[in-house]
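# Reading the structure
Here is what each chain is made of, one letter per residue.
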Amino acid sequence: MLATEEFTRFPLLMWEKVLSKVKKSVVFMDDKCAEALHWSGGAATLLEAGARNLKQFSSFEACGVNEPKAVFVVSTLLKGRTVDIIKDIISLSHFQYCVVFTTVAHSVHLLVNKVTTEMEGSPVFEQFEEKLCEWMGNMNYTAEVMHVPVVFAPVSQQLIVAPPFAHLFPLLSPDLEAINEKRPEKRRFASLNDIDMHCLPAELQIEVKSLASALNSMFEATGTREESFALGPMSRIIAGELANLPQAKNRRKTAPNKASIIFVDRTMDLTGAVGHHGDNLVEKVLTMLKLLPGHVTDVQVDMLELTSLHKTPHSKSILAPGCLAQIQSSARSLWDAMLTSKHKEGVIEVRRQLVEAASKENLPIKMSMGRVTPEQLCSYIQLFRSSRGALESHCGVLQLGLATAQTLRHPSLPRWDSCLAFERLLLQALGDADFPAVLRQLLPLMKPRGVEDTSASGSRLREDELGPDELILLLVYLYSLADETQPADHDTEEEEELEKLERDLIGALTLVISRETELSPLLQKLTGERKLLPLRLFSFADATYRPFLRQILEEVFHPDRRECPDIEHMSGGLTDLLKTGFSMFMKVSRPHPGDNPLLLLFMVGGVTPSELRLIKETVATHRPGTQVLVLSTRLLRPTDIPELLFGTQRLVPDIGV
């Protein structure tokens, strides 16, 4: 039987192909591939394989005369900007041997070059090899170009993310309008459900085809014969592309291991992504601590507690940060526990593992069984700095302990509880009043921070006072909960009142943002993109919020094997179509996502840590022993959702061209 471990090993197997080529080379890698490597052993694996150095994939980098070999690892097509950067680096260096790895399959390169027929060999890659030799200045030098799908990152035993697709997000109403603008009036789509692959812009088509190709490579390596299902318009397009991929059709004829994969659009449940009800430690860690540069998942952990340095304004620039991605087995087990347990359980497990590590090293630890505090965790961690051996043996657990302590004492943490309290009030209010009345309750919150809390020294910022990030999250939360933002029975006067109310909200929020002394990363992204907050965007759930993933799993694992009308089966050929068609009037069993021993959930647009816990608990309750693996474009923090909604080019992703 196919085990989830075979999928989490797949990224490591793909990196082995890269590692086999890096001996005595300087490696140039773009940010997306670097983040995938980060969760698969990191830069250390390259250096251990013989690489001389690792550099950013940038036109401003080059190598010296004594560095004749280069390896490039990119997540983009070998066209446009990507080619320009490779050429710039080679032209400024003295290479005699170049290897280029791209995560984009040769079949996708052919399509981009408008070649629709199957071709022997890899002509696009072979032509690029000639260009590499030309840029190196000698056609007798060595050049190799190959496809390796190093797009997946095993974040935990339960979760695999895909950093190159972190900004892939389901389409929304404004995207439908943009697509329709370029179509004749009689051929315009009535809804997002009507859009198919061929109607998408070329950049998004390439993104979807690249993802389908990467999934096919994973299934090829694991011998998987999957049945694809979809929930949501974007999921249906991706699942359809995978089902009809020629390489996938051939694989499914002989692959021995059955599995079901359900693609789910994140927009089916935005409430679960922006809400603060998850009660999960990792969700708070990801929100409170700053991201690692160039990453969308992992964060910077201040390592000062493990040194004898004094805290100064410059101390952070002296020390390299720690992180959450670890390779030590004890740290991996702690990370898995933090990721899939409640906040209190996670914090207690962090303390337990720190105590256990200190006891192994015979460090003079003072036991305490009361409430876990950041000061207590730091006191345990500081014991290790006197022993280099102890530091090296437990550095992974220590970094996770520091991340926990820094989160618990972070000045912004009280705002998490404030958001949760307001979300509960809004949820209750939606059940008791109409939507405009609930919107009106938000207006008093839309004020610059510190304006009412004054003292003799002037205005003072309360730690639990909501800032613009939290106010934006509350708006998204409210609109994603609302049954309808504009009920059909509104008369003209009511409509005008609602529009005025929304204008007032946007005006008040704009004032709040303008009074901020320093803009958060989210605000920098939104204001840099010059995006206004389109309030009338959502019309999804009702006011009695129930996690959508729980509903899906309860439906899939129902003991009566009921039909799942909302989950669409994606056929991969004539046989599947006939099977589905005959089932309407004959006793032919239609494919069901609960039939196979392994279920893969692919979240298009991201999954939250609290949802990972929910999945684990729901499966344990309804189908214990069943293997469920979550694949996702990214691991979400609440503030990611406004960025993906309002600050991302969903229709025209950056594909490096």
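Residues numbered from 1 in each chain as written. Predicted model: local features only at pLDDT ≥ 70, side-chain atom pairs only at ≥ 80, totals over all residues. Heavy atoms only, no water.

Another aspect to go through is the sheet that holds strand β1 (residues 26–29). The pairing of strands in a sheet comes from backbone hydrogen bonds and takes either a parallel or an antiparallel form. Judged by pairing direction, the sheet is parallel, and its five strands sit side by side in the order β2-β1-β3-β4-β5 without closing on themselves. Sheet topology places β2 (53–56) and β5 (142–147) at the edges, where each strand pairs with a single neighbour. Between one strand and the next, the sheet's axes are offset by a mean angle of 15°, whatever the strand orientation. In terms of strand pairing, β1 meets β2 through four bridges, oriented parallel. Counterpart to valine 27 in the pairing with β2 is leucine 54. Most of the contacts of helix α4 (residues 80–91) go to strand β3 (residues 69–74), to which it runs at about 165°, and overall it touches β1, β3 and β4 (97–102). (Pairing = 2+ DSSP bridges. Helix = DSSP H or I, 4+ residues; strand = E, 2+ residues; numbered from the N terminus. Axes fitted to C-alpha atoms, helices over the stretch in contact; angles between N-to-C directions. Contact = heavy atoms within 4.5 Å.)

For an α-helix, the turn length of 3.6 residues means that residues three or four places apart are oriented alike. Taking 1.5 Å of rise per residue, the 21 residues of helix α8 (residues 202–222) would be expected to cover 30 Å, and the 30 Å separating its terminal C-alpha atoms lies within 8% of that figure. Summarising burial for α8: 17 of the 21 residues are buried, a large majority. Two residues or fewer after α8 comes glycine 223, characterised by a positive phi angle close to 65°. (Expected span 1.5 Å × (residues − 1). Buried < 20%, exposed > 50% of the residue type's maximum accessible area, 1.4 Å probe, protein only.)

Taking burial as the measure, the six residues of strand β14 (residues 627–632) include six buried ones, the bulk of the element. Going residue by residue along β14, you find Gln627, Leu629 and Leu631 tucked away on one face and Val628, Val630 and Ser632 tucked away on the opposite face as well. Relative to β14, strand β7 (residues 159–161) runs parallel, the two being bridged by three bridges. Of the residues in β14, the one forming a bridge with isoleucine 160 is leucine 631.

Our next topic: the sheet that holds strand β13 (residues 598–604). Across the sheet, which stays open at both edges, the seven strands sit in the order β6-β7-β14-β13-β9-β8-β12 with mixed pairing between neighbours. Lying at the two open borders of the sheet, with one neighbouring strand each, are β6 (153–154) and β12 (568–570). Pairing of strand β8 (residues 224–231) with strand β9 (residues 257–265), which is carried by eight bridges, proceeds in the parallel orientation. Considered in β9, the bridge of glutamate 227 is made with serine 260. Its contacts with the sheet place helix α26 (residues 609–622) against β7, β13 and β14, and it is angled at close to 160° to β14.

The residue serine 260 is located in strand β9 in this model. Sequence-wise, serine 260 and glutamate 226 are 34 residues apart; in three dimensions their C-alpha atoms are separated by 5.3 Å. Residues within four places of serine 260 in sequence aside, it is in contact with Glu227, Phe229, His592, Pro593, Asn596, Leu598, Leu599 and Leu600.

The next subject is the state of the cysteines. Under the definition given, this model contains zero disulfides. Free cysteine cysteine 378: the closest other cysteine sulfur is in cysteine 395, separated by 17 Å. A relative accessible area of 4% means that cysteine 378 is categorised as buried. With relative accessibility at 31%, the residue cysteine 395 sits in the partly exposed group. (Disulfide = S-S within 2.5 Å.)

This part takes up the pairing of β4. Extensive coverage of β4 is indicated by the burial of five of its six residues. The pairing of β3 with β4 spans six bridges and is classified as parallel. Paired with lysine 69 across the two strands is tyrosine 97, which belongs to β4. The parallel pair β3 and β4, bridged by α4, forms a crossover whose chirality is right-handed. (Right-handed = clockwise from strand over helix to strand, strands pointing away.)

Before going further, it helps to examine unusual backbone geometry. If you check the backbone angles, lysine 24 has positive phi at about 60° while not being a glycine. The residue lysine 24 is located in the loop between α1 (4–19) and β1 in this model. Relative accessible area serves as the criterion here: at 54%, lysine 24 is assigned to the exposed category. Although it is not a glycine, lysine 114 sits at a positive phi angle of roughly 60°.

Looking now at the packing of aromatic side chains. Across all of its chains, the model carries nine aromatic pairs by this definition. By way of ring pairs, the aromatic residues Phe28, Phe57, Phe72 and Phe95 are connected into one cluster. (Phe/Tyr/Trp six-rings, centres within 6.5 Å; stacked < 30°, edge-to-face > 60°.)

Bringing the side chain of serine 632 into the picture now. With respect to the helices and strands, the residue serine 632 is situated in strand β14. Here serine 632 falls in the buried class, since its relative accessible area comes to 1%. Among the polar contacts made by the side chain of serine 632, one reaches the main-chain amide nitrogen of valine 607 at a distance of 3.2 Å. Here serine 632 is in contact with Leu159, Ile160, Val161, Ala162, Phe602, Met603, Gly606 and Val607, once residues within four sequence places are set aside. (Polar contact = N/O pair within 3.5 Å; in protein donor to acceptor, adjacent residues only side chain to side chain.)

With that settled, the discussion passes to the domain arrangement of the chain. According to the domain assignment, the chain contains domain 1 (14–150), domain 2 (154–269 + 547–647), domain 3 (290–409) and domain 4 (411–448 + 464–484 + 496–543). Taking only C-alpha atoms into account, the centre of domain 1 sits 36 Å from that of domain 3. Tallying the contact residues gives five residues for domain 1 and twelve residues for domain 3. A combined buried area of about 700 Å² lies between domain 1 and domain 3, and 64% of that area is made up of carbon and sulfur atoms. Looking at the side of domain 1 facing domain 3, the largest losses of area belong to Glu35, His38 and Trp39, adding up to 82% of the total buried there. Scanning the region where domain 1 abuts domain 3 turns up zero salt bridges. Taken together, the links from domain 1 to domain 3 amount to three residue pairs in polar contact (both at pLDDT 80 or more). (Domains from an automatic or database assignment. Buried area = accessible area lost by both parts, 1.4 Å probe. Salt bridge = Lys/Arg side-chain N within 4 Å of Asp/Glu carboxyl O.)

Turning our eyes to something else, we now look at the environment of leucine 526. Tracing the sequence through the fold places leucine 526 in helix α23 (residues 521–528). Once the C-alpha coordinates of leucine 526 and proline 642 are considered, the two residues, 116 residues apart in sequence, prove to be 8.4 Å apart.

Right, let's talk about the packing of helix α12 (residues 281–288) against helix α18 (residues 395–408) for a bit. The geometry of α12 relative to α18 is characterised by a closest axis approach of 9 Å and an angle of 75° between their N-to-C directions. Classified by the angle their axes make, α12 and α18 are roughly perpendicular. Contacts from Leu281, Lys284, Val285 and Met288 of α12 reach α18 at Ala403, Thr404 and Thr407. Here the residues of the contact of α12 with α18 are counted per class, giving four nonpolar, two polar and one charged. (Parallel < 35°, antiparallel > 145°, perpendicular 65-115°, else oblique. Nonpolar A, V, L, I, M, F, W, Y, C, P; charged D, E, K, R; others polar.)

For the rest of this paragraph, the subject is the pattern of salt bridges. In total, this model carries 18 salt bridges according to the counting rule given. Where arginine 440 meets glutamate 497, a salt bridge forms, and the shortest distance between an N and an O atom there is 2.7 Å. Of this pair, arginine 440 sits in helix α20 (residues 435–442) while glutamate 497 sits in helix α22 (residues 492–514), placing them 57 residues apart in sequence. Glutamate 497 sits in the partly exposed class, given a relative accessible area of 44%. The shortest N-O distance in the salt bridge between aspartate 640 and arginine 634 comes to 3.5 Å.

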